[in-house]
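Coordinates in review
Now for the letters of each chain:
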Number of protein chains: 4
Amino acid sequence: MQEQKRIGILTSGGDCAGLNAAIRGAVCRAVGSYNWKVLGIRQATMGLMNSPPDFIPLEIDKVDELLIMGGTFLGTTNTGDPFAFPMPDGTTRDRSAEIIAGYHQLGLDALIVIGGDGSMEIVRKIAQQGGINLVAIPKTIDNDVGSTERSIGFDTAVNIATESLDRLHFTAASHNRVMILEVMGRDAGHIAISAGIAGGAHIILIPEIAYNLESICNKIRERQESGKNYSLIIVSEAVKAENGETIKNINRLGQTRYGGIGQYLADQICACSRAETRVTVLGHIQRGGTPSPLDRLTGSVFGVAAIDLIAEGKYDCMVSWQNRQVVSVPIPEAIGKYSTVDPEGMLVKTARGLGICLGD
Amino acid sequence: MQEQKRIGILTSGGDCAGLNAAIRGAVCRAVGSYNWKVLGIRQATMGLMNSPPDFIPLEIDKVDELLIMGGTFLGTTNTGDPFAFPMPDGTTRDRSAEIIAGYHQLGLDALIVIGGDGSMEIVRKIAQQGGINLVAIPKTIDNDVGSTERSIGFDTAVNIATESLDRLHFTAASHNRVMILEVMGRDAGHIAISAGIAGGAHIILIPEIAYNLESICNKIRERQESGKNYSLIIVSEAVKAENGETIKNINRLGQTRYGGIGQYLADQICACSRAETRVTVLGHIQRGGTPSPLDRLTGSVFGVAAIDLIAEGKYDCMVSWQNRQVVSVPIPEAIGKYSTVDPEGMLVKTARGLGICLGD
Amino acid sequence: MQEQKRIGILTSGGDCAGLNAAIRGAVCRAVGSYNWKVLGIRQATMGLMNSPPDFIPLEIDKVDELLIMGGTFLGTTNTGDPFAFPMPDGTTRDRSAEIIAGYHQLGLDALIVIGGDGSMEIVRKIAQQGGINLVAIPKTIDNDVGSTERSIGFDTAVNIATESLDRLHFTAASHNRVMILEVMGRDAGHIAISAGIAGGAHIILIPEIAYNLESICNKIRERQESGKNYSLIIVSEAVKAENGETIKNINRLGQTRYGGIGQYLADQICACSRAETRVTVLGHIQRGGTPSPLDRLTGSVFGVAAIDLIAEGKYDCMVSWQNRQVVSVPIPEAIGKYSTVDPEGMLVKTARGLGICLGD
Amino acid sequence: MQEQKRIGILTSGGDCAGLNAAIRGAVCRAVGSYNWKVLGIRQATMGLMNSPPDFIPLEIDKVDELLIMGGTFLGTTNTGDPFAFPMPDGTTRDRSAEIIAGYHQLGLDALIVIGGDGSMEIVRKIAQQGGINLVAIPKTIDNDVGSTERSIGFDTAVNIATESLDRLHFTAASHNRVMILEVMGRDAGHIAISAGIAGGAHIILIPEIAYNLESICNKIRERQESGKNYSLIIVSEAVKAENGETIKNINRLGQTRYGGIGQYLADQICACSRAETRVTVLGHIQRGGTPSPLDRLTGSVFGVAAIDLIAEGKYDCMVSWQNRQVVSVPIPEAIGKYSTVDPEGMLVKTARGLGICLGD
């Protein structure tokens, strides 16, 4: 008979929809099948830094009603690199040792981290230093974690972005406007291209394809000339122009002060196409909300599978969805394969096939 | 037997959800019951200004599938006051006579305008000058048209704003943040207070109640002290501070450049409460989208009723929903009663009763 | 200074969306504004029958997250008339005295019952007998409580029924079918007529208007002849034919065994129109789910107002929404005015104006 | 330069969400990129049987607004096997030759059929006989087409079933009931198990795992004993008992008359657990409605890819989604691998890991 293990679980990085389903899955499996203890660590690794560690003992009853809840009831943070943790006095400090101490103080046998590639990399480094048995579950609305077909949070984000395009479509057509929807995606344009195709955008701008303002304006004019006096644009927050210009260096020049790329593009497009142009920055709305069924399913699958990896003693691994099966992938392999939109891949081909302008 | 009338119908001002239901209702009633002709005028009164007038003959088949469509398939505009219409050369011109001419050129017996109080006032002035038999249908996401319990578009806007609060709620709680949602409402805070109550906001700021920054920060601190490290704020775009400051005069000073009140408040709140604060500007998303069932019902009721008013020869009237009945109200009376949130009324009392801070 | 009161609150009858908002509203107001105690009575009046009474002390923290939750977290029942309560041995017993005893045993100053007209009538009878200070909050998906423009649960039910019609619309058109949606409404057809208009039904059958099979089939044939090979029908569960036939007496004859009116109609229509006909019984789905913003708002308004009535010492009253204000109505007056769909009223006129067949 | 091809496209079998996205994708690609002609064949193969064939010429403008529309605007049928087509006189006739004739009469170079495995098999047989260049696009809400990770319509069906469970959850808990949701899935339980996990069902019954009534009742009793007085069950329409009993042979015995398995189970469960039990048959609602973003994306990808296969001259193939890429699979291979839920696979393991009873 297997010994009774003590498992820590935490969520790290930006919140998204489906995190609670993963926590619930892990607790149901660990407590219900193996009779283990599960400790929910609060506020990402900060819960382990604290002395005493900040955690909640997790029972099945406590997590059972979490499926429809967005975000993470354990709390999370996307600030506070443990190796350079910002202190109240303005300095930074390496607090990785405190995390390791917290893990051992709680008598944990293993730690599940639900996070994106950044979180996985940092926590893995700490785990390697401190003898922490680590299992990772991928979550990212950007869908940029490699080695898995699905990460928690992406489907819900695409749903919300698509729904927003549906709404803007009607108001764009009613007013003969160009409507720009700015979505998240720091280095990968998955949300923009998936929602853009699903929501009928006419122009999709992603970080993987540098845009040319003239191409965008040509597309808008071409539509105007064929009697379509409106256009829908979806743009990832971090696109760059063919001339190397990004919203960051535009702002750095101090000549303009734009909150984001959307407003910058709007001004440019308005100038070149004379179309009334409006911007909507989707912002935090795309992270939250009741998870889509697919994100609840993905979270549940990953939560259960993470516990099974621990039962098998397979550590330093990430659970991964591949070809309708859940498998495990070494974390270094997973974070080594950053997943961006393939400019020659299926989605780009589909977008071009539909006549969508990709800015190039 | 009644003569066969020719009815023009147009939508004016900002688009919203439920306009198509009203057009459909009018066409079904006029064509199906009375065998009249209905002409859909395109782009608000601009369709009548043009020579020849820009219109679409409307048959039942053409409008039958419009119930789930947001916006207005006739197009609209919220620029272009006919009495001071902006011309390409930069001047303005009084084009009201052209509208009157267009009405008569089309041989119309009556004109239905679906619009807010601004549109009703302008079109009424033209109608009075030019012998136009006018019937009005109230639409406004701001819910600020007087003399009617319901206007087209408000319910959908409240639904979208509430759904957004639901989403922000999860991400605020996950990250211990103050989340600010900026919604529309130039002079009336109906969207903010209705969605704020329905979506569980902790602070609701409306134009009808001047806010005091200290009250807001006190509420946030009070929540923090009781262990609630997050707060949700919903704010109408046009609120003003007790000291008379509005986002317009803040911008006019040139000292800061804020897109809207949300970002301005965020900076102030961040300074006073030290809470991580984020802003979402809901923007055009709240106008569009598939109409709520209630907006489809309201549109349908008003569309049918507008035709019945014409059949009775009752002009210069607005259809109105009062106490589960549709009645008619003289347009001057309707636009004379601008409907703001009553600071002593049911909604404010409810908000206070729930412990919501209203900024005062 | 006002004494500290003890308030009991219970939900009675079929569950619906928005009940939790009302409980939350009452608790926030009573605890937050007046510093009273609120006891949540479980399982309707059964919680008071039990000895000791079955209740939960309600604090603001406990109810704060309930806004998005459907149903009632206090539990409810729509069986078990206290005056003829079914006992395990098959007999019935008058248990009203036990309810009265429970109320006094808990030391309550007042009782809030959230229920429909049936529940209000029964609980009022008990209250009159036993010196219970009663305040009622109207809830009913059927919208049949008189003397108020809104009851909790109706808006959500209409939303769900309309959404279902939207879905059936596409599949009906794709397959050239007649689709029948059977919805709730034992004596009032409010759900059917509101959702029917909003969802574009071609035929709406309500209990208030006896239907004639021939009229229905004529409408379907007329559509077929004009090239529309599909029709959408929405029917209240308790409609009756012009010949007095209802699904109850059809079943009683034992000649056919129909679960509900929908299937019976389908067979009749299939026979007369030769159209492929399918039935969907919406069932319990229309009760549950996250409440619509309007039901959350209505629940919140009523919950706060019920406490204010108690503070004023106004008992034997129901809170009521009238003309954008919340008022109080004597319970006998409210339950005396059963609210059905007015066959000469706005909704029926609108339906006829749209060319919808009402079965007559 | 490539010759201008003429492509026929049709939808066959039960309708679902995302069909219009596939048609739109094919038209945009064929017309926009290759300048080919596309003919939309109406009512599945019946449009080719007719003389003259029943079709609509498809232009980009005609399909552009179809993304949010459920069903198929070309119409479809799931009756009428062309090899034994039911004639008005009650006989059946082999009408495959007429379909072949119709194809050639229209001068088509290739035919795209959007259908499930049954439709693919039948149309392929005709194509083989008649020199039809066939390309297939998989659609099925049951997700039972082999050789592809995704088929059109499944995601939307799962969303609707999950949302229904969410709603039933609240009403079950409010009333201490067992709620049974019967969903589609004639031979494969994908909808039931996916929605069951996502929607928090306590018992999931699928055709791939024979159920034992005792196991089900034990689960319900176990929950009751631990204080959970309600249970949610989701059941595929075609499950069978361990004793070999299915709803079909139950009905055949003539002893009971059940519309479906749901009601039969309810009676059994009510008898064994004494819990109040209610059934909801989801029915046609799960087919229709606005497609989920994922189904719109899948349809768009497949529509474009089908045209590209034709451009390459690859016929007798089905487009398939595998590992984030679109590939082609020989139709015989695709229909040879009927995809059911793997009783040892990821989803079953996840369900068991969550403590869900699978009836065995």
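None of these values were measured; they are calculated from a predicted model. (Residues numbered from 1 in each chain as written. Chains lettered and ligands numbered in written order. Predicted model: local features only at pLDDT ≥ 70, side-chain atom pairs only at ≥ 80, totals over all residues. Heavy atoms only, no water.)

The operation relating chain B to chain C is a screw motion whose rotation component is 180°, with 0.0 Å of axial translation and a residual RMSD of 0.0 Å. In the structure described here, the two chain copies are related by an operation that fits a two-fold rotation axis. When C-alpha positions in chain B are compared against the rotation axis, the closest is assigned to Asn 323 of chain B, at 3.1 Å. Same-surface contact between copies: 98% of interface residues of chain B are shared with the interface of chain C. (Least-squares fit on C-alpha atoms with pLDDT ≥ 70 in both. Contact = heavy atoms within 4.5 Å.)

Taken as a whole and assessed by the stated rule, the structure comprises 72 salt bridges over all chains. Measuring nitrogen to oxygen at the nearest pair gives 2.9 Å for the salt bridge that ties Glu 3 of chain D to Lys 5 of chain D. Through salt bridges that share partners, Arg 24, Asp 61 and Asp 64 of chain A together with Lys 228 of chain D make up one connected network. (Salt bridge = Lys/Arg side-chain N within 4 Å of Asp/Glu carboxyl O.)

What follows concerns the state of the cysteines. Residue and element names in this part refer to chain B. For the coordinates displayed, the defined rule picks out 4 disulfides over all chains. There is a disulfide in this structure between Cys 217 and Cys 272, and the S-S distance comes to 1.5 Å. Its S-S torsion of about -80° marks the bond between Cys 217 and Cys 272 as left-handed, since a negative value means left-handed. Here Cys 272 lies in helix 10 (residues 261-273) and Cys 217 lies in helix 8 (residues 213-225), a separation of 55 residues in the sequence. Cys 272 supplies the cysteine sulfur nearest to Cys 270, a cysteine that is in no disulfide, at a spacing of 8.8 Å. Relative accessible area serves as the criterion here: at 36%, Cys 270 is assigned to the partly exposed category. (Disulfide = S-S within 2.5 Å. Helix = DSSP H or I, 4+ residues; strand = E, 2+ residues; numbered from the N terminus. Buried < 20%, exposed > 50% of the residue type's maximum accessible area, 1.4 Å probe, protein only.)

This part is about the packing of helix 7 (residues 190-198) of chain A against helix 11 (residues 293-312) of chain D. One can describe the packing of helix 7 of chain A onto helix 11 of chain D by two numbers: an axis separation of 8 Å at closest approach and a directional angle of 80°. Between helix 7 of chain A and helix 11 of chain D, the interaxial angle falls into the category roughly perpendicular. In this structure, helix 7 of chain A uses Ser 194, Ile 197 and Ala 198 of chain A to contact helix 11 of chain D, whose residues at the interface are Pro 293, Arg 296, Leu 297 and Ser 300 of chain D. Across the contact of helix 7 of chain A with helix 11 of chain D, the residue classes break down as 4 nonpolar, 2 polar and 1 charged. (Axes fitted to C-alpha atoms, helices over the stretch in contact; angles between N-to-C directions. Parallel < 35°, antiparallel > 145°, perpendicular 65-115°, else oblique. Nonpolar A, V, L, I, M, F, W, Y, C, P; charged D, E, K, R; others polar.)

Let us look at the sheet that holds strand 11 (residues 276-281) of chain C. Residues and elements named next belong to chain C. Reading across from one edge, 9-10-8-11 is the order of the 4 strands in this open sheet, with parallel pairing throughout. Pairing within the sheet leaves two strands with one partner each, and these edge strands are strand 9 (203-205) and strand 11. Strand-to-strand, the axes of this sheet are offset by a mean angle of 15°, without reference to chain direction. As defined by bridge partners, strand 9 adjoins strand 10 (residues 231-236) across 3 bridges and the pair is classed as parallel. The residue of strand 10 that forms the bridge with Ile 204 is Ile 234. Across the face of the sheet, helix 10 (residues 261-273) comes into contact with strand 8 (177-183), strand 9, strand 10 and strand 11 while running at roughly 160° to strand 8. (Pairing = 2+ DSSP bridges.)

Another point: the sheet that holds strand 2 (residues 37-41) of chain B. Strand-to-strand pairing in sheets goes through backbone hydrogen bonds, with the strands running parallel or antiparallel. Residue and element names in this part refer to chain B. Spatially, 7 strands are ordered 3-2-1-6-7-12-13 in an open sheet, and the strand pairing comes out mixed. Since the sheet does not close on itself, it has two edges, and those belong to strand 3 (55-58) and strand 13 (325-330), each with one partner. Within this sheet the neighbouring strands show an average axis-to-axis angle of 30°, counted without direction. Here strand 1 (residues 6-11) runs beside strand 2; their pairing, made up of 4 bridges, is parallel. Each bridged residue has a counterpart across the sheet, and for Ile 9 the counterpart in strand 2 is Gly 40.

Between chain B and chain C, the contact holds 50 residues from the first and 49 residues from the second. In this assembly, chain B packs against chain C so that about 3,800 Å² is buried in total across both faces, 54% of it on carbon and sulfur atoms. A salt bridge links Lys 228 of chain C to Asp 64 of chain B, with the nearest nitrogen and oxygen atoms 3.7 Å apart. Summed over the shared surface of chain B and chain C, the number is 18 residue pairs in polar contact (both at pLDDT 80 or more). (Buried area = accessible area lost by both parts, 1.4 Å probe. Polar contact = N/O pair within 3.5 Å; in protein donor to acceptor, adjacent residues only side chain to side chain.)

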